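# Notes for the structure review
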Amino acid sequence: MNEVYRREAWQEHGEWAVEAQGLVKVFGDNRAVDGVNLQVRTGTIYGVLGPNGAGKTTAIRMLATLLTPDGGSARIFGHDVVKESQIVRQLIGVTGQYASVDESLSATENLVIFSRLLGLDRAAAKRKAAELLEEFALTEAAKRPLKNFSGGMRRRLDLAASLIAQPPLIFLDEPTTGLDPRTRAQMWDTIRRLVKTGSTVLLTTQYLDEADQLADRVAVIDRGRVVAEGTVDDLKASVGTSSLHLKLQHTQDLEEARRTIEQVLKVKSNSSAEAGIITAPMAEADKVTDLLIALRGKGIGLLELSVQKPTLDEVFLTITGHGVEGKPSPEPQVSHQAEVARV
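Here goes a summary of the coordinates provided. (Residues numbered from 1 in each chain as written. Predicted model: local features only at pLDDT ≥ 70, side-chain atom pairs only at ≥ 80, totals over all residues. Heavy atoms only, no water.)

## Description of the packing of aromatic side chains
What counts, and what does not: Stacked, edge-to-face and tilted labels apply to pairs of Phe, Tyr and Trp rings (six-membered ring for Trp) whose centres lie within 6.5 Å, assigned for plane angles under 30 degrees, over 60, and everything in between, in that order. Counting as a charge over the ring demands two things of the Lys NZ or Arg CZ atom: a distance within 6 Å of the ring centre and an angle within 35 degrees of the ring normal.
A complete count under the given rule lists 0 aromatic pairs for this structure. For Lys 25, the ring lying beneath its charged end belongs to Phe 27, and the centroid distance is 5.8 Å.

This is the structure in structure tokens:
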């Protein structure tokens, strides 16, 4: 499929990059995906959040035509993933949890081979490889054997390989798993640039901060089902109000400070006597001013004050009843060789 047709194919259905309705995948007695609904708007980063084994990767494989759904339907830029799988494959790029590069070759050789397989001539393949190596800060290591690459370098190369054809939709399945904090931050910057240059990104992750930093909208998947969906702020607001955190200069003021907080805010508070810390729910942030005036009037000094929204960790715990680190039964794995054969 040439670039003009690729562009027309997704612009025609430009509002939604992904539309999935009631997706189901069964492995034996295990319903790995149990009626998943997703809508991903074009030009956004959509996060799919959940613990290992929740069904995230299986859902992505169905959307990417690597697995056939046992129920439901899905469309990529308006094209059915089962009936029009060849067209869908021309519109997507997939980067999995593990690099699909050949360690016996250099970074340049890997990218040139992938480019040739996608139909570029030799000269164009070399140009594309050089461009991508520069984009992902791998130029200096271009001729180095991959066995000498760090984990972060391999992940960046794998992402580069998935972008050779400049797909309108990119599936990133836990792209920063196992990376150090610096390399994770670099990958986040790259993902943001992809969207700025016209791509849509569907990102699966079990890192709450990653979804918080990147995603325009988030779907929380647990045990094969979407249990919550919305913007990060929507999900945080769904579990309750913000919370007030105070640290006192003098711990002997703790009880008086608690009484003052409860009188002004009309709420119950919690405290740590040893640390001199008080926390309380706070639905109306503008009452902070009234509280500070009241505390000052009673001569109660503060070391710290903050008003914090609920974290995504609290969201996940509230919605699912367990933390994101919870380990349900692992998802059935499809071999890399099977995926390659299917594509």
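## Describing the pairing of strand E3 (residues 45–49)
Here is the rule we go by: Burial classification: accessible surface area is computed with a 1.4 Å probe over protein chains only, and a residue below 20% of its type maximum counts as buried, one above 50% as exposed, and the rest as partly exposed. Secondary structure follows DSSP: runs of H or I at least 4 residues long count as helices, runs of E at least 2 residues long count as strands, and numbering of each begins at the N terminus. One requirement defines pairing of two strands: DSSP has to find at least two bridges between them.
Of all the 5 residues making up E3, 5 are buried; the element is thus mostly covered by neighbouring parts of the structure. Of the two faces of E3, the one holding Ile 45, Gly 47 and Leu 49 and the one holding Tyr 46 and Val 48 are both buried throughout. Sheet topology note: the E3/strand E8 (residues 200–205) ladder contains 5 bridges and is parallel. Within the sheet, the bridge partner assigned to Val 48 lies in E8 and is Thr 204. Pairing geometry for E3 and strand E9 (residues 217–222), over 4 bridges, is parallel.

## What about the nonpolar core?
Going by this rule: Nine residue types can take part in a nonpolar core, namely buried Ala, Val, Leu, Ile, Met, Phe, Trp, Tyr and Cys, and a core is a set of them joined through side-chain atoms within 4.5 Å.
Counting 33 residues, the largest nonpolar core has Leu 111, Phe 149, Leu 157 and Val 201 as its most contacted members. For this core, the secondary structure elements donating two or more residues are helix H4 (107–117), helix H5 (122–135), helix H6 (151–162), strand E7 (169–173), helix H7 (181–196) and E8. Counting 30 residues, the second largest nonpolar core, distinct from the first, contains Ala 54, Ile 60, Val 88 and Leu 91.

## As for the sheet that holds E9
Heads up, the rule is: Helix axes use the C-alpha atoms of the stretch in contact, all axes being lines fitted to C-alpha atoms, and the angles between their N-to-C directions lie in the range 0 to 180 degrees. Whether two residues are in contact is decided by their heavy atoms, any of which lying within 4.5 Å being enough.
Strand order in this open sheet of 6 strands is E6-E7-E8-E3-E9-E10, and the pairing throughout is mixed. Every interior strand has two partners, whereas the edge strands, strand E6 (92–95) and strand E10 (225–230), have only one. Averaged over all neighbouring strand pairs, the angle between strand axes comes to 15°, with direction disregarded. On the sheet, H6 packs against E6 and E7 and is oriented at approximately 165° with respect to E6. Here H7 sits on the sheet and contacts E3, E7 and E8; the angle it forms with E8, its principal contact strand, is near 150°.

## Side note on the pattern of salt bridges
To keep things clear, this is the line we draw: Between Lys or Arg on one side and Asp or Glu on the other, a salt bridge is scored when a side-chain nitrogen of the former is within 4 Å of a carboxyl oxygen of the latter.
Enumeration over the complete set of coordinates arrives at 16 salt bridges. Of the charged contacts, one joins Lys 128 and Glu 131 as a salt bridge, the two residues approaching to 3.9 Å between their closest N and O atoms. Highlighted residues: Lys 128 and Glu 131, both in helix H5, separated by 3 residues, approximately one helical turn. Salt-bridge contacts for Glu 210 lead to Arg 184; the nearest nitrogen and oxygen are separated by 3.8 Å.

## Observations concerning H7
Applied cut-off: Here a helix's expected span is defined as the number of its residues, less one, multiplied by 1.5 Å. The arc refers to the directions leading from the helix axis to the C-beta atoms. Identification of polar contacts relies on pairs of N or O atoms within 3.5 Å, with a donor-acceptor requirement for protein atoms, meaning one able to donate a hydrogen and the other able to accept it, and with residues adjacent in sequence counted only if both atoms are side-chain atoms.
For H7, which comprises 16 residues, the first-to-last C-alpha distance of 23 Å matches the rise-based estimate of 22 Å (1.5 Å per residue) to within 8%. Three or more residues of H7 are buried, namely Thr 183, Arg 184, Met 187, Trp 188, Thr 190, Ile 191, Leu 194 and Val 195. Axial view of H7: buried residues confined to an arc of 165°, hence all on one face. Residues Pro 181, Arg 182 and Lys 196 are exposed on H7 and point more than 90 degrees away from its buried face. The secondary structure elements touched by the buried residues of H7 are E3, H6, E7, E8 and helix H8 (208–214). Regarding H7, its N-cap is Asp 180, as a side-chain oxygen of that residue lies 3.1 Å from the backbone nitrogen of Arg 182 further along. Following H7 by one or two positions, Gly 198 adopts a phi angle in the positive range, close to 115°.

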